[in-house]
Amino acid sequence: MTATVIDGKAFAANVRAHVATHVDTLRDEHGITPGLAVVLVGEDPASQVYVRSKGKMTVEVGMASFEHKLDADVSEADLLSLIDRLNNDPTVHGILVQLPLPGHLDSDLVINAINPAKDVDGFHISNVGLLATGQKSMVPCTPLGCLMMLRDYHGSLSGMDAVIIGRSNIVGKPMAQLLLGDSCTVTIAHSRTKDLPGVVRRADIVVAAVGRPQMVPGDWIKPGATVIDVGINRIDKPGGGTRLVGDVDYDSCAQVAGAITPVPGGVGPMTIACLLANTVTACCRAHGLPEPEGLTA
Ligand code: NAD
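For every chain, the first residue of the written sequence is number 1, and numbering continues from 1 onward in sequence order. Two thresholds apply to this predicted model, a pLDDT of at least 70 for residue-level local features and 80 or more for giving and counting side-chain atom pairs, whereas whole-chain, interface and lining totals are computed over all residues. Note that the side-chain values use all heavy atoms of the structure and ignore hydrogens as well as water.

Here we take up the sheet that holds strand β6 (residues 185–189). When DSSP finds at least two bridges between two strands, those strands are taken to pair. Labels follow the DSSP assignment, with helices taken as runs of H or I lasting at least four residues and strands as runs of E lasting at least two, numbered in each case from the N terminus. An order of β1-β11-β8-β7-β5-β6 is seen for the six strands of this open sheet, with the pairing classed as parallel. One side of each edge strand has no neighbouring strand; the edge strands of this open sheet are β1 (4–5) and β6. Taken together, the two bridges between β1 and strand β11 (residues 259–260) define a ladder with parallel strand orientation. Within the sheet, the bridge partner assigned to Val-5 lies in β11 and is Ile-260. Strands in contact with helix α6 (residues 141–154) are β1, β7 (205–208), β8 (226–229) and β11; relative to β8, the strand with the most contacts, it is inclined by about 160°. Contacts are assigned to residue pairs that have any heavy atoms within 4.5 Å of one another. Note on geometry: axes are C-alpha line fits, over the in-contact stretch for helices, and angles between N-to-C directions span 0 to 180 degrees.

On to the layout of surface pockets, then. Put simply, the largest pocket is a space of about 1400 Å³. Only protein atoms enter the 1 Å grid used here, on which a cavity is any set of points holding a 1.4 Å probe that cannot leave and a pocket is any open set flanked by protein within 12 Å on both sides along at least five of seven lines; residues with an atom within 4 Å of a point are listed as lining. If you go around the largest pocket, you meet 45 residues; those closest to its centre are Tyr-50, Thr-142, Ile-232, Gly-268 and Thr-271. Mapped by element, the contributors of at least two residues to the lining of the largest pocket are α1 (8–30), α2 (45–60), β4 (94–97), α6 and α10 (267–286). Residues belonging to the lining of the largest pocket are distributed by class as follows: 26 nonpolar, 11 polar and eight charged. Reported here for the second largest pocket is a volume of approximately 370 Å³. Lining the second largest pocket are 16 residues, and of these Gly-122, Phe-123, Ile-125, Val-128 and Asn-169 sit closest to its centre. Grid points are joined across faces, edges and corners, and a volume is the space filled by probe spheres set on the points. Each residue gets one label: Ala, Val, Leu, Ile, Met, Phe, Trp, Tyr, Cys and Pro are nonpolar, Asp, Glu, Lys and Arg are charged, and the others, such as Gly, are polar.

This brings us to the site of the ligand. We call a residue near a molecule or strand as soon as one heavy atom of that residue lies within 4 Å of the molecule or strand. As a structural note, the neighbourhood of the ligand is formed by 23 residues, with Arg-167, Ser-168, Arg-212, Val-230 and Thr-271 the closest of them. In protein, a polar contact requires one atom able to donate a hydrogen and another able to accept it; more generally it is a pair of N or O atoms within 3.5 Å, and residues adjacent in sequence count only if both atoms are side-chain atoms. Between the ligand and the protein, one listed contact pairs an oxygen atom with a side-chain N or O atom of Ser-168 at 2.6 Å. Here, Shrake-Rupley sampling with a 1.4 Å probe gives the accessible areas, and only protein chains in the shown set may cover a residue. In isolation the ligand has 850 Å² of accessible area, and contact with the protein removes 72% of it. Here the shell around the ligand takes three residues from α10, the largest share from any one element. Broken down by class, the residue content of the shell around the ligand amounts to 10 nonpolar, 10 polar and three charged.

The next thing to look at is the pattern of salt bridges. Proximity of charged atoms lets side chains of opposite charge pair with each other. Any carboxyl oxygen of Asp or Glu within 4 Å of a side-chain nitrogen of Lys or Arg constitutes a salt bridge here. If you walk through the whole model with that rule in mind, you get eight salt bridges. Asp-24 serves as the salt-bridge partner of Arg-27, at 3.2 Å between the closest nitrogen and oxygen. Pair noted here: Arg-27 and Asp-24 are both in helix α1, with a separation of three residues, about one helical turn. Exposure remark for Arg-27: the relative accessible area of 39% places this residue in the partly exposed category. Burial classes follow relative accessibility: with a 1.4 Å probe on protein chains only, a residue under 20% of its type's maximum area counts as buried, one over 50% as exposed, and anything between as partly exposed. On the basis of relative accessibility, which here comes to 33%, the residue Asp-24 falls in the partly exposed class. Asp-28 serves as the salt-bridge partner of Arg-27, at 3.2 Å between the closest nitrogen and oxygen. Judged by relative accessible area, Asp-28 falls into the exposed class, the value being 58%.

Quoted interface sizes are often the accessible area lost when the parts come together. These domain boundaries are the output of an automatic or database domain assignment. For the protein, the assigned domains read domain 1 (30–120) and domain 2 (141–269). One C-alpha centre belongs to domain 1, the other to domain 2; they are set 29 Å apart.

Residue position: Asn-278 is located in helix α10. Every residue in contact with Asn-278, bar those within four places of it in the chain, is listed here: Val-120, Met-138, Val-139, Cys-141 and Leu-144.

A few words now on the pairing of strand β9 (residues 233–236). A one-sided burial pattern is seen for β9, the buried positions being Asn-233 and Ile-235 and the unburied ones Arg-234 and Asp-236. In the sheet, β9 pairs with strand β10 (residues 242–245) via four bridges, with the strands oriented antiparallel. Each bridged residue has a counterpart across the sheet, and for Asp-236 the counterpart in β10 is Thr-242. Counting the residues that bridge the hairpin from β9 to β10 gives five residues, and of these Gly-240 lies at a positive phi of roughly 105°.

See the structure below:
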(Lines give C-alpha, C1' and ligand atoms only; values in the text may rest on other atoms or scores of the structure.)
Protein backbone atom coordinates (compact mmCIF):
# COMPACT_ATOMS: atom_id res chain seq x y z
CA MET A 1 0.00 0.00 0.00
CA THR A 2 1.19 3.53 -0.67
CA ALA A 3 -0.33 6.09 1.67
CA THR A 4 -2.42 9.06 0.61
CA VAL A 5 -0.39 12.17 1.40
CA ILE A 6 -2.34 14.64 3.53
CA ASP A 7 -1.25 17.98 2.10
CA GLY A 8 -1.04 20.28 5.11
CA LYS A 9 0.27 23.16 3.02
CA ALA A 10 -2.80 23.16 0.76
CA PHE A 11 -5.12 22.57 3.74
CA ALA A 12 -3.56 25.50 5.59
CA ALA A 13 -4.01 27.75 2.55
CA ASN A 14 -7.74 26.86 2.59
CA VAL A 15 -7.98 27.61 6.32
CA ARG A 16 -6.28 30.99 5.78
CA ALA A 17 -8.67 31.77 2.90
CA HIS A 18 -11.61 30.90 5.16
CA VAL A 19 -10.18 33.17 7.89
CA ALA A 20 -9.65 35.98 5.35
CA THR A 21 -13.30 35.78 4.25
CA HIS A 22 -14.42 36.19 7.87
CA VAL A 23 -12.02 39.05 8.42
CA ASP A 24 -13.56 40.81 5.37
CA THR A 25 -17.06 40.27 6.77
CA LEU A 26 -16.07 41.58 10.22
CA ARG A 27 -14.57 44.70 8.62
CA ASP A 28 -17.31 45.36 6.03
CA GLU A 29 -20.36 44.55 8.15
CA HIS A 30 -19.20 45.44 11.65
CA GLY A 31 -16.24 47.80 11.23
CA ILE A 32 -14.03 45.43 13.26
CA THR A 33 -10.46 44.39 12.42
CA PRO A 34 -9.24 41.36 14.39
CA GLY A 35 -5.82 42.05 15.94
CA LEU A 36 -3.07 39.66 17.04
CA ALA A 37 -0.28 40.78 19.38
CA VAL A 38 2.89 38.68 19.44
CA VAL A 39 5.41 39.19 22.24
CA LEU A 40 8.98 38.10 21.61
CA VAL A 41 11.53 38.22 24.42
CA GLY A 42 15.19 38.01 23.41
CA GLU A 43 16.81 37.07 20.13
CA ASP A 44 16.44 33.32 19.75
CA PRO A 45 16.88 32.89 15.96
CA ALA A 46 14.18 30.18 15.58
CA SER A 47 11.69 32.29 17.56
CA GLN A 48 12.48 35.32 15.41
CA VAL A 49 11.71 33.32 12.26
CA TYR A 50 8.38 32.07 13.72
CA VAL A 51 7.36 35.55 14.85
CA ARG A 52 8.20 37.07 11.45
CA SER A 53 6.17 34.50 9.58
CA LYS A 54 3.24 34.81 12.03
CA GLY A 55 3.23 38.60 11.52
CA LYS A 56 3.37 38.27 7.73
CA MET A 57 0.48 35.80 7.56
CA THR A 58 -1.59 37.83 10.01
CA VAL A 59 -1.37 40.83 7.68
CA GLU A 60 -2.01 38.66 4.60
CA VAL A 61 -5.43 37.58 5.93
CA GLY A 62 -6.32 41.23 6.62
CA MET A 63 -5.85 41.26 10.39
CA ALA A 64 -3.82 43.76 12.41
CA SER A 65 -0.46 42.52 13.64
CA PHE A 66 1.20 44.05 16.70
CA GLU A 67 4.75 42.91 17.41
CA HIS A 68 6.37 43.62 20.76
CA LYS A 69 10.07 42.82 20.94
CA LEU A 70 11.60 42.95 24.41
CA ASP A 71 15.21 42.62 25.48
CA ALA A 72 16.33 39.20 26.74
CA ASP A 73 16.91 40.68 30.22
CA VAL A 74 13.47 42.31 30.53
CA SER A 75 12.10 42.10 34.06
CA GLU A 76 9.08 39.92 34.80
CA ALA A 77 7.27 43.02 36.08
CA ASP A 78 7.76 44.85 32.76
CA LEU A 79 6.60 41.82 30.75
CA LEU A 80 3.52 41.42 32.97
CA SER A 81 2.76 45.11 32.60
CA LEU A 82 2.85 44.78 28.78
CA ILE A 83 0.48 41.79 28.98
CA ASP A 84 -1.85 43.82 31.20
CA ARG A 85 -1.90 46.61 28.59
CA LEU A 86 -2.65 44.13 25.80
CA ASN A 87 -5.38 42.47 27.91
CA ASN A 88 -7.07 45.88 28.18
CA ASP A 89 -6.54 46.98 24.57
CA PRO A 90 -9.81 46.53 22.62
CA THR A 91 -7.96 46.41 19.27
CA VAL A 92 -6.08 43.28 20.43
CA HIS A 93 -8.17 40.08 20.24
CA GLY A 94 -5.33 37.56 20.47
CA ILE A 95 -2.12 37.57 22.52
CA LEU A 96 0.74 35.15 21.98
CA VAL A 97 3.92 35.09 24.03
CA GLN A 98 6.55 33.26 21.99
CA LEU A 99 8.07 30.38 23.96
CA PRO A 100 10.59 29.46 25.23
CA LEU A 101 11.16 32.46 27.49
CA PRO A 102 14.61 33.23 28.98
CA GLY A 103 15.27 31.27 32.18
CA HIS A 104 14.71 34.16 34.63
CA LEU A 105 11.06 34.46 33.54
CA ASP A 106 8.36 32.13 34.91
CA SER A 107 6.57 30.92 31.76
CA ASP A 108 3.54 29.58 33.65
CA LEU A 109 3.08 32.88 35.48
CA VAL A 110 3.41 34.87 32.25
CA ILE A 111 1.01 32.66 30.23
CA ASN A 112 -1.54 32.67 33.05
CA ALA A 113 -1.44 36.49 33.10
CA ILE A 114 -2.98 36.57 29.60
CA ASN A 115 -6.75 37.10 29.52
CA PRO A 116 -7.96 33.53 28.71
CA ALA A 117 -10.36 34.94 26.09
CA LYS A 118 -7.31 36.37 24.23
CA ASP A 119 -5.08 33.31 24.82
CA VAL A 120 -4.91 32.20 21.17
CA ASP A 121 -2.21 29.60 21.97
CA GLY A 122 -4.66 27.89 24.35
CA PHE A 123 -1.99 27.44 27.04
CA HIS A 124 -3.71 29.38 29.88
CA ILE A 125 -4.69 27.07 32.73
CA SER A 126 -8.37 28.06 32.29
CA ASN A 127 -8.33 27.00 28.65
CA VAL A 128 -6.55 23.75 29.57
CA GLY A 129 -9.32 23.02 32.10
CA LEU A 130 -12.13 24.00 29.73
CA LEU A 131 -10.73 21.71 27.01
CA ALA A 132 -10.29 18.85 29.50
CA THR A 133 -13.93 19.16 30.59
CA GLY A 134 -15.25 19.43 27.03
CA GLN A 135 -16.23 23.10 27.28
CA LYS A 136 -15.74 25.91 24.80
CA SER A 137 -12.11 27.07 25.02
CA MET A 138 -9.21 28.39 22.98
CA VAL A 139 -7.59 25.22 21.61
CA PRO A 140 -3.78 24.88 21.17
CA CYS A 141 -2.95 25.47 17.51
CA THR A 142 -0.86 22.39 16.62
CA PRO A 143 -3.34 19.77 17.93
CA LEU A 144 -6.23 21.79 16.46
CA GLY A 145 -4.53 21.62 13.04
CA CYS A 146 -4.06 17.84 13.42
CA LEU A 147 -7.73 17.42 14.37
CA MET A 148 -8.90 19.45 11.36
CA MET A 149 -6.87 17.28 8.98
CA LEU A 150 -8.08 14.05 10.61
CA ARG A 151 -11.73 15.14 10.46
CA ASP A 152 -11.34 16.20 6.86
CA TYR A 153 -9.77 12.88 5.86
CA HIS A 154 -11.98 10.50 7.86
CA GLY A 155 -15.24 12.37 8.45
CA SER A 156 -16.18 10.79 11.79
CA LEU A 157 -13.38 9.63 14.11
CA SER A 158 -15.82 7.90 16.46
CA GLY A 159 -14.60 4.57 17.85
CA MET A 160 -11.16 4.74 16.25
CA ASP A 161 -8.10 3.68 18.26
CA ALA A 162 -5.72 6.64 18.51
CA VAL A 163 -2.19 6.44 19.90
CA ILE A 164 -0.39 9.69 20.64
CA ILE A 165 3.35 9.41 21.19
CA GLY A 166 4.42 12.26 23.49
CA ARG A 167 2.71 13.76 26.54
CA SER A 168 3.70 17.43 26.33
CA ASN A 169 1.30 20.15 27.44
CA ILE A 170 1.43 21.85 24.05
CA VAL A 171 0.86 18.84 21.79
CA GLY A 172 0.35 15.38 23.33
CA LYS A 173 -2.10 16.13 26.14
CA PRO A 174 -4.39 18.56 24.26
CA MET A 175 -4.34 16.22 21.23
CA ALA A 176 -5.59 13.44 23.52
CA GLN A 177 -8.41 15.67 24.84
CA LEU A 178 -9.48 16.59 21.31
CA LEU A 179 -9.50 12.99 20.08
CA LEU A 180 -11.44 11.91 23.20
CA GLY A 181 -13.90 14.68 22.38
CA ASP A 182 -14.33 13.09 18.95
CA SER A 183 -14.97 9.71 20.62
CA CYS A 184 -11.68 7.98 19.83
CA THR A 185 -10.24 5.41 22.22
CA VAL A 186 -7.08 7.26 23.17
CA THR A 187 -3.72 6.00 24.42
CA ILE A 188 -0.93 8.43 25.30
CA ALA A 189 2.48 6.79 24.96
CA HIS A 190 5.68 8.37 26.26
CA SER A 191 9.32 7.72 27.07
CA ARG A 192 8.46 5.15 29.78
CA THR A 193 5.84 3.24 27.76
CA LYS A 194 6.48 -0.53 27.70
CA ASP A 195 6.44 -2.15 24.25
CA LEU A 196 5.93 1.07 22.29
CA PRO A 197 5.93 -0.77 18.93
CA GLY A 198 3.13 -3.07 20.17
CA VAL A 199 1.10 -0.10 21.43
CA VAL A 200 1.51 1.84 18.17
CA ARG A 201 0.59 -1.24 16.08
CA ARG A 202 -2.93 -1.19 17.60
CA ALA A 203 -3.63 2.32 16.35
CA ASP A 204 -5.97 3.41 13.57
CA ILE A 205 -4.55 6.92 14.13
CA VAL A 206 -0.94 7.57 15.18
CA VAL A 207 0.09 11.09 16.22
CA ALA A 208 3.86 11.33 16.71
CA ALA A 209 4.98 14.31 18.83
CA VAL A 210 8.29 13.24 20.31
CA GLY A 211 11.11 15.36 18.89
CA ARG A 212 13.23 12.37 17.81
CA PRO A 213 14.09 12.23 14.12
CA GLN A 214 12.47 9.35 12.19
CA MET A 215 11.91 7.36 15.39
CA VAL A 216 8.78 5.50 14.22
CA PRO A 217 9.51 2.89 11.52
CA GLY A 218 6.96 1.49 9.09
CA ASP A 219 6.79 -1.89 10.85
CA TRP A 220 5.20 -0.20 13.90
CA ILE A 221 2.27 0.97 11.77
CA LYS A 222 -0.95 -1.04 11.34
CA PRO A 223 -1.66 -1.40 7.60
CA GLY A 224 -4.03 1.38 6.53
CA ALA A 225 -3.56 3.54 9.65
CA THR A 226 -3.42 7.32 9.46
CA VAL A 227 -0.10 8.82 10.56
CA ILE A 228 0.11 12.44 11.71
CA ASP A 229 3.73 13.52 12.11
CA VAL A 230 4.10 16.55 14.38
CA GLY A 231 7.87 16.34 14.73
CA ILE A 232 10.18 18.94 13.24
CA ASN A 233 13.80 17.86 13.42
CA ARG A 234 16.79 19.15 11.48
CA ILE A 235 19.31 16.47 10.47
CA ASP A 236 22.52 16.46 8.46
CA LYS A 237 22.31 15.44 4.81
CA PRO A 238 24.87 12.88 3.58
CA GLY A 239 26.38 15.29 1.02
CA GLY A 240 26.48 18.24 3.44
CA GLY A 241 23.84 20.71 4.54
CA THR A 242 20.74 19.86 6.56
CA ARG A 243 17.11 18.91 6.00
CA LEU A 244 13.92 18.74 8.04
CA VAL A 245 12.44 15.38 9.01
CA GLY A 246 9.59 14.34 11.25
CA ASP A 247 9.33 11.88 14.13
CA VAL A 248 8.31 9.07 11.76
CA ASP A 249 10.41 7.42 9.09
CA TYR A 250 8.37 8.74 6.19
CA ASP A 251 9.47 6.32 3.47
CA SER A 252 8.82 3.11 5.39
CA CYS A 253 5.62 4.41 7.06
CA ALA A 254 4.19 5.60 3.73
CA GLN A 255 4.48 2.00 2.45
CA VAL A 256 2.13 0.74 5.17
CA ALA A 257 -0.10 3.63 6.25
CA GLY A 258 -3.39 4.54 4.60
CA ALA A 259 -2.61 8.26 4.94
CA ILE A 260 0.32 10.30 6.20
CA THR A 261 1.36 13.91 6.70
CA PRO A 262 4.77 14.87 5.27
CA VAL A 263 7.48 16.96 6.96
CA PRO A 264 7.78 19.68 5.87
CA GLY A 265 4.35 20.52 4.47
CA GLY A 266 2.09 18.67 6.93
CA VAL A 267 1.32 19.77 10.47
CA GLY A 268 3.70 22.77 10.44
CA PRO A 269 1.73 25.06 8.08
CA MET A 270 -1.51 24.15 9.89
CA THR A 271 -0.16 25.50 13.19
CA ILE A 272 0.05 29.12 11.98
CA ALA A 273 -3.25 28.79 10.08
CA CYS A 274 -4.91 27.69 13.34
CA LEU A 275 -3.36 30.62 15.20
CA LEU A 276 -5.11 32.94 12.72
CA ALA A 277 -8.31 30.88 13.06
CA ASN A 278 -8.15 31.21 16.86
CA THR A 279 -7.67 34.97 16.57
CA VAL A 280 -10.76 35.42 14.39
CA THR A 281 -12.71 33.13 16.75
CA ALA A 282 -11.56 35.19 19.77
CA CYS A 283 -12.60 38.39 17.97
CA CYS A 284 -16.10 37.04 17.20
CA ARG A 285 -16.53 35.89 20.82
CA ALA A 286 -15.34 39.28 22.15
CA HIS A 287 -18.01 41.04 20.07
CA GLY A 288 -20.78 38.48 20.65
CA LEU A 289 -20.85 37.60 16.95
CA PRO A 290 -21.34 34.10 15.48
CA GLU A 291 -18.09 32.17 15.22
CA PRO A 292 -16.87 30.98 11.83
CA GLU A 293 -17.76 27.34 11.22
CA GLY A 294 -15.07 24.67 10.93
CA LEU A 295 -12.32 26.75 12.54
CA THR A 296 -12.71 25.52 16.11
CA ALA A 297 -12.89 22.12 17.81
P1 NAD B 1 8.45 17.73 24.28
O2 NAD B 1 9.93 17.53 24.31
O3 NAD B 1 7.82 18.70 25.18
O4 NAD B 1 7.74 16.32 24.52
C5 NAD B 1 8.22 15.15 23.91
C6 NAD B 1 7.46 13.96 24.44
O7 NAD B 1 7.96 12.81 23.80
C8 NAD B 1 7.60 13.76 25.93
O9 NAD B 1 6.30 13.65 26.49
C10 NAD B 1 8.34 12.43 26.08
O11 NAD B 1 7.80 11.60 27.11
C12 NAD B 1 8.10 11.78 24.74
N13 NAD B 1 9.25 10.95 24.39
C14 NAD B 1 10.56 11.29 24.40
N15 NAD B 1 11.31 10.25 24.02
C16 NAD B 1 10.47 9.23 23.78
C17 NAD B 1 10.66 7.90 23.36
N18 NAD B 1 11.86 7.41 23.11
N19 NAD B 1 9.57 7.14 23.21
C20 NAD B 1 8.33 7.62 23.43
N21 NAD B 1 8.10 8.88 23.82
C22 NAD B 1 9.16 9.69 23.99
O23 NAD B 1 8.10 18.02 22.74
P24 NAD B 1 6.86 18.78 22.07
O25 NAD B 1 6.96 20.23 22.36
O26 NAD B 1 5.59 18.05 22.32
O27 NAD B 1 7.27 18.60 20.53
C28 NAD B 1 7.38 17.33 19.94
C29 NAD B 1 7.86 17.49 18.51
O30 NAD B 1 6.90 18.22 17.79
C31 NAD B 1 9.17 18.27 18.35
O32 NAD B 1 9.86 17.74 17.22
C33 NAD B 1 8.72 19.66 18.03
O34 NAD B 1 9.66 20.39 17.26
C35 NAD B 1 7.48 19.37 17.21
N36 NAD B 1 6.48 20.43 17.22
C37 NAD B 1 5.98 20.79 16.00
C38 NAD B 1 5.01 21.75 15.92
C39 NAD B 1 4.46 22.10 14.57
O40 NAD B 1 3.93 23.16 14.38
N41 NAD B 1 4.54 21.18 13.60
C42 NAD B 1 4.53 22.38 17.07
C43 NAD B 1 5.03 21.98 18.31
C44 NAD B 1 6.01 20.98 18.37
